[in-house]
Number of protein chains: 2
Amino acid sequence: MTRSWVPGAAGSSYDVTNLPYGIFSQPGDQPRVGVRIGDYLVDLAPLAAQEMVDGGHVFNRPTLNDFMSLGPTAWEHVRRWLIDTLSDERERDVVEPFLVPLGEVRLHLPIEVADYVDFYCSIEHASNVGRIFRPDDEPLKPNWRHLPVGYHGRAGTVVVSGTPIIRPRGQRRPAGEDATPAFGPSQRLDIEAEMGFVVGAGSELGSSVTTADFADHVFGVTLVNDWSARDIQAWEYVPLGPFLGKSFATSISAWITPLAALNAARVDLPGQDPEPLPYLQAQEPAGLDIAIEVEINGEVVSRPPYSSMYWSPAQMLAHMTVNGASLRTGDLFASGTVSGRERETRGSLLELSWGGQEPFEVAGDKRTFLQDGDKVVLRATAPGPGGSRIGLGEVRGRIEPAR
Amino acid sequence: MTRSWVPGAAGSSYDVTNLPYGIFSQPGDQPRVGVRIGDYLVDLAPLAAQEMVDGGHVFNRPTLNDFMSLGPTAWEHVRRWLIDTLSDERERDVVEPFLVPLGEVRLHLPIEVADYVDFYCSIEHASNVGRIFRPDDEPLKPNWRHLPVGYHGRAGTVVVSGTPIIRPRGQRRPAGEDATPAFGPSQRLDIEAEMGFVVGAGSELGSSVTTADFADHVFGVTLVNDWSARDIQAWEYVPLGPFLGKSFATSISAWITPLAALNAARVDLPGQDPEPLPYLQAQEPAGLDIAIEVEINGEVVSRPPYSSMYWSPAQMLAHMTVNGASLRTGDLFASGTVSGRERETRGSLLELSWGGQEPFEVAGDKRTFLQDGDKVVLRATAPGPGGSRIGLGEVRGRIEPAR
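Residues numbered from 1 in each chain as written. Chains lettered and ligands numbered in written order. Predicted model: local features only at pLDDT ≥ 70, side-chain atom pairs only at ≥ 80, totals over all residues. Heavy atoms only, no water.

Asker: Report on the sheet that holds strand β3 (residues 40-43) of chain B, specifying residues and quantitative values.
Answerer: Residues and elements named next belong to chain B. What the five strands build is an open sheet, ordered β4-β3-β2-β1-β5; its pairing is antiparallel. Sheet topology places β4 (99-101) and β5 (106-108) at the edges, where each strand pairs with a single neighbour. Averaged over all pairs of adjacent strands, the angle between strand axes in this sheet comes to 50°, irrespective of strand direction. Two elements, strand β1 (residues 21-25) and β5, share three bridges in a ladder whose sense is antiparallel. In the sheet register, Ile23 faces β5, and the bridge partner there is His108. (Pairing = 2+ DSSP bridges. Helix = DSSP H or I, 4+ residues; strand = E, 2+ residues; numbered from the N terminus. Axes fitted to C-alpha atoms, helices over the stretch in contact; angles between N-to-C directions.)

In C-alpha cells form, the structure reads like this:
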C-alpha cells in the first residue's frame, strides 16, 4: 500500500489514501486551498505554481468552488499528482517548504454553498420521529419508501466546524389552554448527525443526473451537524416544512473528502422494498460504510452507522434533478439524521431522549436537549484500502446563550 | 411633479418616480447595470464613470449584488442623482449618449440569488389551498395567524422573465388501488403570482432584523411567478414541505424596483387577529397597494390585489431572522401566491379551477392547468406620486414539453 513520507502520516487516518481538501489561512494571509496529510497541510497554490500543475491557479482562492468546478478529470489529475508527490521520498525536498502544521493555521468554511438540501434517508430516524411527533399515525408517510424525502435549507447559515452556536429564539406551540404561542429561547435545542455531499460539476436546467453519473458531479463528502430547535420546528412545520427550527445554523467539517477516497467504503444498501422506480435504480454498491460518533462534553453518546441508510447519495442526486432542476458548483445535499436500529446508534437527542421523556446520562449529568455551554463533537471514519481507516474530520460546536 | 426629459418617459409608468434597475447586454458586450426610464435604459457604468459618481464602479458588473451591498445611503444617493439628471433638461447632452432603446438589449437575471424563501401570506390563498388539499380539515393550520409561514426554495433555479419553462417530470400519488406511484410529466402545472423582496444589505449571524429596520436591508421589489407542479407537490410534501414540485423554476421580472419608488403605494394591512407577538408588530403602514394581472395566451384571467395580503414584507423579514439567521446580499423572499376574496382575483390555476374540478375559459379554450405552448404573463403596477402609476415590469414564461 502506498504510504506518505510526511512525518507521522504513514498509517494514520490521513495518509495519502485520504487527502481531504480545506481552506486555511495563516495570520496576515489570504485564505487559500490546502490538502491535509497527517497533521500537516500542503499549501497548494505555491506548490502547484512551482510545479506548473495544470489548473493550479484555482488553489489561490478562498473557497474550493473554482477547483471543484473544473470537473472530475481535473479532480483525478490533481489527486494522482498529490498521491505521487506525497508518497515519493524523492519529492520531499520540493514539497517540504509548503508543509504547514495544522496547529498553525485557521480553517475556514471550505465551500461557498450554492443550494443546501437536506434529505431524510434513515428509515430508523424517520420512523422514530414519526412515532414521537405523530404517535397516533403510521410513523412513515406513504411516500417515504418511494422517494428520498427532502427539502431546501438555508445555504447562508452553513458554518464551519468550531463556529459557536447561538441558541435561537422563536415561537413555540401554545401550552395547554393558551391561545397564544410562547416566545423565547428554544428549550429543545438538538443536533442531527448527518453526512453531506458536495456538488463540484453542475448541470443544465431541464436535464437530470442519473444514478450512474453521480461521480461526474459529486466532488466529495463532509460531515454535517444540522442543528435543530425541536420546539420551534414542531409549531411551524405544517404544512410547508421546517424553516426557523433549522435555519439558524448548520455546521460542516473543515474538510471535504474526495469521493475517490471512499472506494473501499462502498457497500450494498441494506435493501429497498418496494423496488424503487427506474430513475432511482443503480447497479453498483451505493451505500457507504462510514462510522459516525457523537460526543457531548467529552463523552461519546452515540455511534450512528451510515451503512444503515435506506436511500443512497446517488439516489438523492437523481431524485433532486429528476424534475429538471439544475445543479451548481457548491450545492450541498445532506443525508438527514443517521440513526441505526439500537438506542445507542441514534443520531439526534430527540431520539436519544425519546422526545424529552427519557433523560440520559452525559459526563455525569442528565440531558434531554442541549444546555448552554454544551460542547458537541461529531467525528467520522471509513474503511480505506488494505484494512486501513480514513478520517472524515470532525464537526465541533459549543452552545452559547440566546441573545 | 418631477418629470423626465427622456422622450416618451414623462407621464408614463416608467418616469423618474420609478427607475427600476436591471442587467442588460448588447451583442458582443458584457452584461452590466442599467436603469429603466420610459422605453430606454441608461447605461450606468460609463455615465457614472464620466460623472465621477461615488461607488460607480459597481455598475460594471453582471448582477446588481455589488451595488445592493453598498447599503441604503448609497441607494438613496444614486437614486437622487438619477432623478436630478433624468429630469433636468440641462443634463440632456451629457446623458443622451448613454440612453439605449430597450428593444436593442437583452435583459438578464438582475441579481445573483443567495437564499430564496417563499412565504404563504395570503389568507385567501392559504384557506383555498387548505380546502382543496385537505377538505376534511380546518383550512388554516393553528400556526397560520401567529406567524408568516414560509420555507426555503431553490435559489439556483430562479430565472429571468422570458426563460422557457420545461414541464417537469416526477412522481405522482398512486391512483386508486395502485401501490406504486405514477411517474411522468406533471399533469397539473401551475403558476403562482407573487411579489418578491430583494435583500441588499445583509445582517450578522445571531442578530435579528426588526420590522422598523426593513428599509435598511431591503433594496427593492420584483414580480415573481413561482411555477408549481401540483401533482408532484401533493405526493412529496409530507412531512417536510414542497421540494421538486417547486424547484424546477421560479421566474422573476428583469427589473428590481427600489423600495423608495413604492412610498405612494403604502397602505395599512387589512387587519390581523389575533394581534401578533411584539417582534412582528410595526407602527407604520406596512401593506403595499400593488395591482397584479395574470394573462394566459393573451387574455387576462385574474387580477390579484397585493393590498389584501395578511402579513407584511417587514413581518416576513423580522420573522425570517428572529432565530438569528443571517441575511446576505441577494437573498430573495417572496410573499406566496396573492389571492383576493373573489374568484377573478385568485393567483393560481389551482384556485381558479378549484383543484381542477372547475375548468375555466381562456382565449376561447378550456383550461384547468397549463398546457404545452401556453404563454403566461404577469404584470404589476402601483400608485406613484400625484395620482400617477408606476410599472413593476412583467414576468413572461412559455411552457415547453417535458424532455
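Asker: Describe the packing of aromatic side chains, with residues and values.
Answerer: In total, this model carries 26 aromatic pairs over all chains according to the counting rule given. Ring centres of B:Phe133 and B:Tyr237 lie 6.2 Å apart, and the angle between their planes is 40°; on these two criteria the pair is classed as tilted. Here the residue B:Phe133 occupies a position in helix α5 (residues 123-133), and B:Tyr237 occupies one in the loop between α7 (230-236) and α8 (244-247), the gap between them amounting to 104 residues. An aromatic cluster of three or more residues is present, and its members are A:Tyr21, A:Phe59, A:Phe67, A:Trp75 and A:Phe219. Across from the ring centre of A:Tyr14, 3.6 Å away, lies the NZ or CZ of A:Arg36, which sits over that ring. (Phe/Tyr/Trp six-rings, centres within 6.5 Å; stacked < 30°, edge-to-face > 60°. Lys NZ or Arg CZ within 6 Å of the ring centre and 35° of its normal.)

Asker: Mind laying out the relation of the copies chain A and chain B, listing which residues take part and the relevant values?
Answerer: With an RMSD of 0.0 Å, the fit of chain A onto chain B corresponds to turning through 180° and sliding 0.0 Å along the axis. Seen this way, the second copy is the image of the first under a two-fold rotation axis. No C-alpha of chain A approaches the rotation axis more nearly than that of A:Gly241, which lies at 2.0 Å. Interface overlap between copies: 100% of the residues of chain A at the interface are likewise at the interface in chain B, consistent with a symmetric, same-surface contact. (Least-squares fit on C-alpha atoms with pLDDT ≥ 70 in both. Contact = heavy atoms within 4.5 Å.)

Asker: Give a detailed account of the pattern of salt bridges, specifying residues and quantitative values.
Answerer: When their charged atoms lie close together, side chains carrying opposite charge are able to pair. All names here are of chain B. Counted according to the given criterion, the structure contains 50 salt bridges over all chains. Here Arg328 ties to Asp115 by a salt bridge, and the two come within 3.1 Å at their closest N and O atoms. One end of the pair, Arg328, is in the loop between α9 (313-321) and β22 (332-334); the other, Asp115, is in the loop between β5 and β6 (116-119), and 213 residues separate them in sequence. On the accessibility criterion, Arg328 (26% relative accessible area) is partly exposed. (Salt bridge = Lys/Arg side-chain N within 4 Å of Asp/Glu carboxyl O. Buried < 20%, exposed > 50% of the residue type's maximum accessible area, 1.4 Å probe, protein only.)

Asker: An account of the sheet that holds strand β25 (residues 375-383) of chain B is needed here, citing residue identities and associated values.
Answerer: Reading across from one edge, β9-β26-β25-β20-β21 (chain B) is the order of the five strands in this open sheet, with mixed pairing throughout. Edge positions in the sheet fall to β9 (165-166) and β21 (299-302) of chain B, since each has one partner strand and no second.

Asker: So what's going on with the interface of chain A and chain B? Residues and values would help.
Answerer: Of the residues lining the interface, 57 residues belong to chain A; the matching set on chain B comes to 57 residues. For the chain A face of the interface with chain B, the top three residues by lost area are A:Arg154, A:Leu240 and A:Phe243, together amounting to 15%. Here chain A is connected to chain B by two salt bridges. For B:Arg154, the salt bridge identified is with A:Asp331, shortest N-O distance 2.9 Å. Put simply, chain A and chain B have 26 residue pairs in polar contact (both at pLDDT 80 or more) between them. Where the side of chain A that touches chain B is concerned, the elements lending two or more residues are β6 (116-119), β7 (150-153), β10 (169-172), α7 (230-236), α8 (244-247) and α9 (313-321) of chain A. Ranked by the residues each element gives to the side of chain A that touches chain B, the list is headed by β7(A), at four residues. (Buried area = accessible area lost by both parts, 1.4 Å probe. Polar contact = N/O pair within 3.5 Å; in protein donor to acceptor, adjacent residues only side chain to side chain.)

Asker: So, the domain arrangement of chain A: which residues are in play, and what are the values?
Answerer: Residue and element names in this part refer to chain A. Examined at the domain level, chain A breaks down into domain 1 (21-108) and domain 2 (116-400). The C-alpha centroid of domain 2 is placed 29 Å from the C-alpha centroid of domain 1. On the domain 2 side, the residues contacting the 18 residues of domain 1 number 18 residues. Around 1400 Å² of area is buried between domain 1 and domain 2 when both sides are counted, 73% of it from carbon and sulfur atoms. (Domains from an automatic or database assignment.)

Asker: A description of the side chain of A:Thr257 should follow, citing residues and the corresponding values.
Answerer: Turning to its location among the elements, A:Thr257 is positioned in strand β17 (residues 257-258). In contact with A:Thr257, not counting residues within four places along its chain, are A:Asn18, A:Pro20, A:Phe219, A:Gly220, A:Val221, A:Ile390, A:Gly391 and A:Leu392.

Asker: Tell me about the pairing of strand β26 (residues 389-400) of chain B, residues and numbers included.
Answerer: Residue and element names in this part refer to chain B. Bridge count for β9 against β26 is two bridges, and the pairing is parallel. Across the sheet, Ile165 pairs through a bridge with Ile399, a residue of β26. Examined bridge by bridge, β25 and β26 share eight bridges and lie antiparallel to one another. For Leu378, the partnering residue across the bridge sits in β26 and is Val395.

Asker: I'd like a rundown of the environment of B:Leu244, residues and numbers included.
Answerer: You can see B:Leu244 is positioned in helix α8. When the C-alpha atoms of B:Leu244 and B:Ser228 are compared, they prove to be 8.8 Å apart, with 16 residues separating the residues in sequence. Not counting residues up to four positions away in its chain, the partners in contact with B:Leu244 are A:His319, A:Met320, A:Val322, A:Asn323, B:Ile232 and B:Glu236.

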